[in-house]
Amino acid sequence: MVGVTGTLVLAGTPIGDTADAPPRLAAELERADVVAAEDTRRLRRLTQALGVHTQGRVVSYFEGNESARTPELVEALEGGARVLLVTDAGMPSVSDPGYRLVAACVEKDIKVTAVPGPSAVLTALALSGLPVDRFCFEGFLPRKAGERLGRLREVADERRTLVYFEAPHRLDDTLAAMAEVFGAERRAAVCRELTKTYEEVKRGPLKDLAAWAAEGVRGEITVVVEGAPDTGPADLDAAELVRRVQVREEAGERRKEAIAAVAVETGLPKREVFDAVVAAKNAARQSPADGKGLS
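What comes next concerns the included structure. For clarity, every value in this text was computed on a predicted model and none was experimentally measured.

## Things to note about the sheet that holds strand S9 (residues 200–205)
At step 1: One open sheet accounts for five strands, arranged S6-S7-S10-S8-S9; its pairing is mixed. Looking at the sheet topology across the chains shown, the edges are occupied by strand S6 (135–140) and S9. Strand-to-strand twist across the sheet, computed as the mean angle between neighbouring axes with direction ignored, equals 15°.
At step 2: Sheet topology places S6 next to strand S7 (residues 161–166); five bridges connect them, and they run parallel.

## So, the packing of aromatic side chains
Aromatic rings considered in pairs are described by the distance between their centres and by the relative angle of their planes.
At step 1: According to the stated counting rule, one finds two aromatic pairs in the structure shown.
At step 2: Plain terms: the ring middles of Phe-137 and Phe-165 are 5.0 Å apart, the flat faces sit at 65° to each other, and that makes the pair edge-to-face. Of this pair, Phe-137 sits in strand S6 while Phe-165 sits in strand S7, and the two are 28 residues apart along the sequence.
At step 3: Aromatic rings pair up to connect Phe-137, Phe-140 and Phe-165 into one cluster.

## A closer look at the nonpolar core
At step 1: By size, the foremost hydrophobic cluster in this structure holds 25 residues, and its most contacted members are Tyr-164, Leu-171, Leu-175, Met-178, Phe-182 and Val-225.
At step 2: Only helix H6 (145–154), S7, helix H7 (171–182), strand S8 (187–192), helix H8 (206–213) and strand S10 (221–225) provide two or more residues apiece to this core.
At step 3: In terms of residue count, the dominant contributor to this core is H7 (six residues).
At step 4: By size, the runner-up hydrophobic cluster in this structure holds 19 residues, among which are Leu-8, Ala-36, Val-102 and Ile-110.

## Quick look at the environment of Asp-275
At step 1: Among the secondary structure elements, Asp-275 is positioned in helix H11 (residues 270–286).
At step 2: By relative accessible area, which is 36% here, Asp-275 ends up partly exposed.

## Thoughts on the pattern of salt bridges
If the charged atoms of two oppositely charged side chains come close together, the side chains can form a pair.
At step 1: By the definition in use, this model includes 22 salt bridges.
At step 2: Of the charged contacts, one joins Asp-157 and Arg-243 as a salt bridge, the two residues approaching to 2.4 Å between their closest N and O atoms. Here Arg-243 lies in helix H9 (residues 238–250) and Asp-157 lies in the loop between H6 and S7, a separation of 86 residues in the sequence.
At step 3: Taking relative accessible area as the criterion, Asp-157 reaches 23% and is therefore assigned partly exposed.

## What about unusual backbone geometry?
Excluding glycine, residues mostly carry a negative phi; peptide bonds, for their part, are mostly trans.
At step 1: Phi is positive for Ser-95, close to 60°, though the residue is something other than glycine.
At step 2: With respect to the secondary-structure elements, Ser-95 resides in the loop between strand S4 (82–86) and helix H4 (99–107).
At step 3: Looking at Ser-95, the relative accessible area reads 34%, which means it is partly exposed.
At step 4: Positive phi is not limited to glycine here, since Thr-195 has a value of about 65°.
At step 5: In this structure Thr-195 comes out as partly exposed when scored by relative accessible area, which is 24%.

## Describing H4
At step 1: Looking only at H4, the buried set comprises Leu-101, Val-102, Ala-104 and Cys-105. All buried residues of H4 project into a common sector of 160° when viewed along the axis, lining one side. In H4, the exposed residues that point more than 90 degrees away from the buried face are Tyr-99, Val-106 and Glu-107.
At step 2: Directly after H4, the chain includes Asp-109, whose backbone phi takes a positive value near 60°.

## Here we look at the environment of Asp-20
At step 1: In this fold, Asp-20 is placed in the loop between strand S1 (7–11) and helix H1 (23–31).
At step 2: Given a relative accessible area of 37%, Asp-20 falls into the partly exposed group.
At step 3: Between the C-alpha atom of Asp-20 and that of Pro-118, which follows or precedes it by 98 residues, the distance is 7.1 Å.
At step 4: Apart from residues no more than four positions distant in its own chain, Asp-20 is found in contact with Pro-14, Pro-118 and Thr-195.

## Things to note about the pairing of strand S2 (residues 34–37)
At step 1: Judged by which residues are buried, S2 turns out to be covered on both faces: Val-34 and Ala-36 on one side and Val-35 and Ala-37 on the other are all buried.
At step 2: Bridge count for S2 against strand S3 (residues 57–60) is four bridges, and the pairing is parallel. Paired with Val-34 across the strands is Arg-57, a residue of S3.
At step 3: In the sheet, S2 pairs with S4 via four bridges, with the strands oriented parallel. Each bridged residue has a counterpart across the sheet, and for Val-35 the counterpart in S4 is Leu-84.

## What to know about the sheet that holds S3
At step 1: Taking strand neighbours across the sheet as the criterion, the five strands line up as S3-S2-S4-S1-S5 in an open arrangement whose pairing is parallel. A strand with exactly one partner marks an edge of an open sheet, and here the two such strands are S3 and strand S5 (111–115). Pairs of neighbouring strands in the sheet enclose a mean axial angle of 20°, with direction left out of account.
At step 2: The strands touched by helix H3 (residues 66–78) within the sheet are S1, S2, S3 and S4, with S3 carrying the most contacts at an inclination of about 155°.

The rules behind these values
Residues numbered from 1 in each chain as written. Predicted model: local features only at pLDDT ≥ 70, side-chain atom pairs only at ≥ 80, totals over all residues. Heavy atoms only, no water. Pairing = 2+ DSSP bridges. Helix = DSSP H or I, 4+ residues; strand = E, 2+ residues; numbered from the N terminus. Axes fitted to C-alpha atoms, helices over the stretch in contact; angles between N-to-C directions. Phe/Tyr/Trp six-rings, centres within 6.5 Å; stacked < 30°, edge-to-face > 60°. Core = buried A, V, L, I, M, F, W, Y, C linked by side-chain atoms within 4.5 Å. Buried < 20%, exposed > 50% of the residue type's maximum accessible area, 1.4 Å probe, protein only. Salt bridge = Lys/Arg side-chain N within 4 Å of Asp/Glu carboxyl O. Arc of directions from axis to C-beta. Contact = heavy atoms within 4.5 Å.

Written as structure tokens, this is what we have:
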């Protein structure tokens, strides 16, 4: 029928134990016209474990071909196909392929739905023993040491619990960097091989976890870190407010947004943060020899 488009289905897959597969996953695998999989070999093992057979066309969809294959999948969707997107583990788009395809579908007004499933982020958060009422997911940190430290400094004052993914061979360096930036005594949890045979959750201060990881760690890793302590508005001077705004601006936020965010995180009136930024800007103009400050 003219004008009828298909549906993109984002399906969660087990992060370890295949028994955790959502009940709807098997039905969607058999129903889909096209199954886009991050790793077709992993998909084959999953379908065998679930005892299902894919009737539609199976194509690979991973970081290396995501940009090139997205238009092909959009074309299939515009033709009325039901496209199922699965990654190796967890929900598509969460540090996995999927975002580009979802964005393209939204732009074309193509229906997008989901089969909710396991998530390493939420599982680790729940097991960490750290506050879960407010949290933010930071994904993978940069591989280079300097860039990694810079990214950590951007969230050094974040009061929400932080969740990261990390490769096992970089875990010790990452935990050491976190101890340096966040403080050696900041509480954290390293969740390894979640839902698998050798699942392990190691909890403690960052300095202790860094020392533990230095001996070598294997498996898929999720790190949960306690948020920064609430120092309270009275402990923050104008220079600190300006510094926090600068950190957010350097991370890509507009100044207006950065000021509003700092006001929220400090509990101070937005006007007070704005005045501190304006004062620093004026001071910088009067002292051209000093290359630092707000421009």
